[in-house]
Amino acid sequence: MTTSADEFHKRLRSLTVWDTELPAFDTAETPDAPLPLFRRWFVEAADAGQPEPHTMSLATVDEDGRPDVRTLMLHDADERGWHFASHATSAKGRQLAARPEAALGFYWAAQGRQIRVRGRVVPGTPQEAYADLHARSTGALASALVGRQSEMLRSYEELVRASEAAWERANAEPDAASGTWTVYVLEPSEVEFFQGDERRRHVRLRYRREGGTWVRELLWP
């Protein structure tokens, strides 16, 4: 079954955005640093029923200067920065090794909110990677043990065989390690909070690091 261009455009133009009451955003009541506000908005998104609020977009740059983006999970957010993990041998791992700058994007439609984070990315220690890997589910460990992320796959059957072997190992060796699994920390230089408004008077608050302090700025929507 195919979808015609007319059907696509009709459906696209019929969709609404933020057809529910959205929260207000009083920027005068915001903290001096972005982390406490991020944590508060994250919990509020989860409480509002936002599916998978811990998923985010990660944008990097490849060796030719072309942008690349994908969706992955947030593993932590603390005074060091925003944490995520991947194989160092994956496309994102290679890109970060060559150009350790990245951007994150969170979109929580349930409340019409976005958060954008930009900064330098540094790898964590092997001990942090091991702890991260074993704080997750057996399925997550099995997936990491499969490895070979971003490599060419000859057939889906090859993936099935590798996955089944990895699941067997994860169940038999719950303490197994993956040599390429890496925790990354994005150290923020800019964090922007966007609150949507039904009348399109969106509120944008940017935190920008200057030395050891944060400067807060309002932006035109």
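This text follows the structure it describes.
Here is what the cut-offs are and how they apply
Residues numbered from 1 in each chain as written. Predicted model: local features only at pLDDT ≥ 70, side-chain atom pairs only at ≥ 80, totals over all residues. Heavy atoms only, no water. Buried < 20%, exposed > 50% of the residue type's maximum accessible area, 1.4 Å probe, protein only. Helix = DSSP H or I, 4+ residues; strand = E, 2+ residues; numbered from the N terminus. Arc of directions from axis to C-beta. Contact = heavy atoms within 4.5 Å. 1 Å grid on protein atoms, 1.4 Å probe; cavity = no way out; pocket = protein on both sides within 12 Å on 5 of 7 lines; lining within 4 Å. Points joined across faces, edges and corners; volume = space filled by probe spheres on them. Nonpolar A, V, L, I, M, F, W, Y, C, P; charged D, E, K, R; others polar. Pairing = 2+ DSSP bridges. Salt bridge = Lys/Arg side-chain N within 4 Å of Asp/Glu carboxyl O.

## Considering helix 4 (residues 126-133)
Buried within helix 4 we find Ala129, Asp132 and Leu133. Seen along its axis, helix 4 keeps its buried residues to an arc of 95°; they face one direction. Structurally, helix 4 contributes buried residues whose contacts are with strand 4 (82-87), helix 5 (138-146) and strand 7 (181-195).

## Considerations on the layout of surface pockets
What the largest pocket holds in volume is close to 570 Å³. What lines the largest pocket is a set of 26 residues, among which His87, Ser143, Val146, Gly147 and Gln149 lie closest to the centre. At six residues, helix 5 tops the list of elements feeding residues into the lining of the largest pocket. Of the residues that constitute the lining of the largest pocket, the class distribution is 13 nonpolar, eight polar and five charged.

## Points about unusual backbone geometry
A positive phi angle, close to 45°, is found at Glu52, a residue other than glycine. Look at Arg200: it is not a glycine, yet its phi comes out positive at around 65°. Its place among the elements puts Arg200 in the loop between strand 7 and strand 8 (203-210).

## A word on the pairing of strand 6 (residues 113-123)
Where strand 5 (residues 101-108) and strand 6 come together, eight bridges link them in antiparallel fashion. Looking at the pairing, Glu101 lines up with Arg120 of strand 6. Bridge analysis of strand 6 against strand 7 gives 11 bridges, and the strand direction is antiparallel. Looking across to strand 7, one finds that Pro123 is bridged to Tyr184.

## A word on the pattern of salt bridges
Here the structure, examined in full by the defined rule, presents 14 salt bridges. Arg216 is paired through a salt bridge with Asp32; the nearest N and O atoms lie 3.5 Å apart. Residue Arg216 is located in strand 9 (residues 213-219), and its partner Asp32 is located in the loop between helix 1 (5-14) and helix 2 (34-47); the two are separated by 184 residues in the primary sequence. For Arg216, a relative accessible area of 37% translates into the label partly exposed. Relative accessible area serves as the criterion here: at 59%, Asp32 is assigned to the exposed category.

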